[in-house]
Amino acid sequence: MSQQPVLLPYADPAFVADPFPLYRQLREEGPVRRAVIVGGLEAWLVTRYEDGLAALSDPRLSSDIRDASDPRLMQRLPSTERESMLRTMLRSDPPDHTRLRRLVSKAFTARRVAELRPRIQAVTDQLLDAVVPAGRADLVADFALPLPVTVISELLGVPTTDRYDFQRWTDDMILQGPKPPDPAVVDAAWRQMRSYLTKLLETKRAQPRDDLLSALITARDEEQQLDEDELIAMSFLLLVAGYITTVNLIGGGIAALLAHPDQLRTLRDDPALLPDAIEEFLRYDGPVNPGIARFAREDLTIAGVTIPRGATVLVATAIADRDPAQFPDPDRLDTTRRDNAHLAFGHGIHYCLGAPLARLEGQVAIGTALRRLPGLTLAVPPGELRWRPSGLRGPEHLPVTFTPDAPHRTTPA
């Protein structure tokens, strides 16, 4: 295997629109490849499914950026809050991860998620009511974005009037394109976010409600609770994780169907296939791209390749989920595919806690859109769609046309 790192050209619109030919080439060339990724950072890409599955459960690979040897990774976090920003499930390892996840899991239960279905349906119908008479819409700005923002805000207990503030701050921190983030912009956004969350948590302590933030404040694991920094960091994580990837799942799933009319017809003819279709969207072109970062605690070997201590290891789920050794005909979108054990939500102890909510929102949103938007088609040539450049994959906009109709709400808003 060549020791020269390959450049992932996130500044190239053609690559951003369709990275999979290069991904396929990298996987065929070797199971582990050095690569230059966003902002000039270097990582070791794990490109095959079996190796990626094992790496996501390997205790020698840390989720904590402090185990990385490249100081630029830490510098991407807000300068005044780097330590507190690390105090979440996403960036911690056992035993801290075990304690944090157990506390959050007490508040983020399957029952609470299942009870959200009627409200998700109501918000979905309300958003579609606003666009169906016109016969055209941007299904990201008008639908895929406001739906999960509304749902996670209500679940956490964020006031309606504030929800787009946190969306704007989040975008400033993590959606700045292929170049390294501007430290001044990141710091300013985090200061505003932290100030807002501090005041919101004070309100929840004084006046608890039936929402997730109130539950996090009171959650206990024996005698342990989340401290203030952990509460703020966890609130931020849940806000961010609760909407960005789901926006990409909904927008990317609809875009995939529009690019594959046969699969659109299949799903419209048999809506019972929708749960399988959601899994296929996650596998075929998932919302995280190219994958999940880990950091080597020690020198280790993956698929015969030695990786030095401190190196960034990127489990390239977007590449591994098209591995023909695991998925027959992997480059074909197949909404009837079964046994679809993709890695889009991770694996092991860090498996995405919000996966049931994302799946539920995806099923309700895409299923309702297909039912209520007959004649759905792209309003621009496919090559004109703009995709998020790195880290999180999905269309930035999705202009469509459809047969206009009168609003018809199936569930009260």
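Cut-offs used in this document
- Residues numbered from 1 in each chain as written.
- Predicted model: local features only at pLDDT ≥ 70, side-chain atom pairs only at ≥ 80, totals over all residues.
- Heavy atoms only, no water.
- Helix = DSSP H or I, 4+ residues; strand = E, 2+ residues; numbered from the N terminus.
- Rg over C-alpha atoms; globule rule 2.2 N^0.38 Å.
- Buried < 20%, exposed > 50% of the residue type's maximum accessible area, 1.4 Å probe, protein only.
- Contact = heavy atoms within 4.5 Å.
- Lys, Arg positive; Asp, Glu negative; His and termini not counted.
- Charge placed at Lys NZ, Arg CZ, Asp CG, Glu CD.
- Salt bridge = Lys/Arg side-chain N within 4 Å of Asp/Glu carboxyl O.
- Pairing = 2+ DSSP bridges.
- Core = buried A, V, L, I, M, F, W, Y, C linked by side-chain atoms within 4.5 Å.
- 1 Å grid on protein atoms, 1.4 Å probe; cavity = no way out; pocket = protein on both sides within 12 Å on 5 of 7 lines; lining within 4 Å.
- Points joined across faces, edges and corners; volume = space filled by probe spheres on them.
- Nonpolar A, V, L, I, M, F, W, Y, C, P; charged D, E, K, R; others polar.

Caption draft 1: The overall build of the protein chain, seen in detail. Assigned secondary structure in the protein chain consists of 19 helices and 13 strands. Relative to its length of 413 residues, the protein chain is compact, with a C-alpha radius of gyration of 21 Å against a globular reference of 22 Å. If you line up the protein chain on its principal axes, its C-alpha atoms span 60 × 55 × 40 Å. Out of the 413 residues in the protein chain, the part that is buried amounts to 56%. Here the analysis covers contacts within the protein chain between residues at least 6 apart in sequence; of these, 73% occur between residues at least 24 apart. For the protein chain, the separation between the mean place of its 48 positive charges and that of its 56 negative charges on side chains is 2 Å.

Caption draft 2: Examining the pattern of salt bridges more closely. Counted according to the given criterion, the structure contains 25 salt bridges. The residue Glu280 makes a salt bridge to Arg337 at a minimum N-O spacing of 3.0 Å. With Glu280 in helix 17 (residues 274-284) and Arg337 in the loop between helix 18 (317-320) and helix 19 (355-372), this residue pair connects regions lying 57 residues apart in the sequence. The two residues Glu280 and Arg337 agree in class, both being buried. One continuous salt-bridge network, built from bridges that share partners, spans Arg24, Arg322 and Asp331.

Caption draft 3: Looking closely at the pairing of strand 2 (residues 32-36). Counting buried positions along strand 2 gives four out of five residues, so the element sits mostly inside the fold. As judged from the two bridges shared by strand 1 (residues 6-7) and strand 2, these two strands associate in the parallel manner. When the sheet's bridge partners are listed, Val6 is paired in strand 2 with Ala35. In this sheet, strand 3 (residues 42-46) lies alongside strand 2 in antiparallel orientation, the contact comprising five bridges. Its bridge partner lying in strand 3, Val32 is registered against Val46.

Caption draft 4: Expanded view of the nonpolar core. Judged by nonpolar contacts, the single largest core of 92 residues is most densely connected at Ile254 and Phe281. Once residues lying within four places of it in the same chain are set aside, the contact partners of Ile254 are Leu139, Phe143, Ile366, Ala369, Leu376 and Leu398. Core analysis: the second largest hydrophobic core is formed by 22 residues, Tyr10, Leu41, Phe295 and Leu314 among them.

Caption draft 5: Region of the structure containing the pairing of strand 3. With four of five residues buried, strand 3 lies mostly within the body of the structure. The loop that links strand 2 with its antiparallel partner strand 3 comprises five residues; one of these, Gly39, has a positive phi angle of about 65 degrees. Examined bridge by bridge, strand 3 and strand 10 (residues 312-315) share three bridges and lie parallel to one another. Within the sheet, the bridge partner assigned to Val46 lies in strand 10 and is Val315.

Caption draft 6: Representation of the layout of surface pockets. Considered as a void within the structure, the second largest pocket measures approximately 360 Å³ in volume. Within the residue set of the lining of the second largest pocket, elements represented by two or more residues are helix 2 (20-29) and helix 15 (244-259). Ranked by the residues each element gives to the lining of the second largest pocket, the list is headed by helix 15, at five residues. Within the lining of the second largest pocket, the residues separate by chemical class into 13 nonpolar, three polar and six charged.

Caption draft 7: Summary view of the sheet that holds strand 11 (residues 377-378). The strand order 5-13-11 describes an open sheet built from three strands, whose pairing is antiparallel. Across the chains shown, the open sheet's two edge strands, defined by having one partner strand only, are strand 5 (136-138) and strand 11. Where strand 11 lies against strand 13 (residues 399-401), two bridges are found, and the strand directions are antiparallel. Among the inter-strand pairings, Thr377 is bridged to a residue of strand 13, identified as Thr401.

Caption draft 8: Just empty space enclosed by the protein, in detail. All told, the structure shown has one cavity of 30 Å³ or more when counted by the stated rule. Elements with a minimum of two residues in the lining of the largest cavity: helix 17, strand 6 (288-289) and helix 18. Broken down by element, the lining of the largest cavity gets its largest block of residues, three residues, from helix 17. Its residues placed into classes, the lining of the largest cavity shows seven nonpolar, three polar and four charged.

Caption draft 9: Unusual backbone geometry, seen in detail. For the peptide bond that leads from Pro94 to Pro95, omega is 5 degrees, which places it in the cis range. Looking at the element boundaries, Pro95 is found in the loop between helix 5 (82-85) and helix 6 (96-107). Looking along the chain, the bond that leaves Asn289 and enters Pro290 is cis, with omega of 5 degrees. Positive phi, normally seen in glycine, also occurs at Ala303, with a value near 50 degrees. Mapped onto the elements of the fold, Ala303 is located in the loop between strand 8 (300-302) and strand 9 (305-307). Looking at Ala303, the relative accessible area reads 41%, which means it is partly exposed. Its identity is not glycine, yet Asp339 carries a phi of approximately 50 degrees, on the positive side. When you line up the elements, Asp339 lands in the loop between helix 18 and helix 19.

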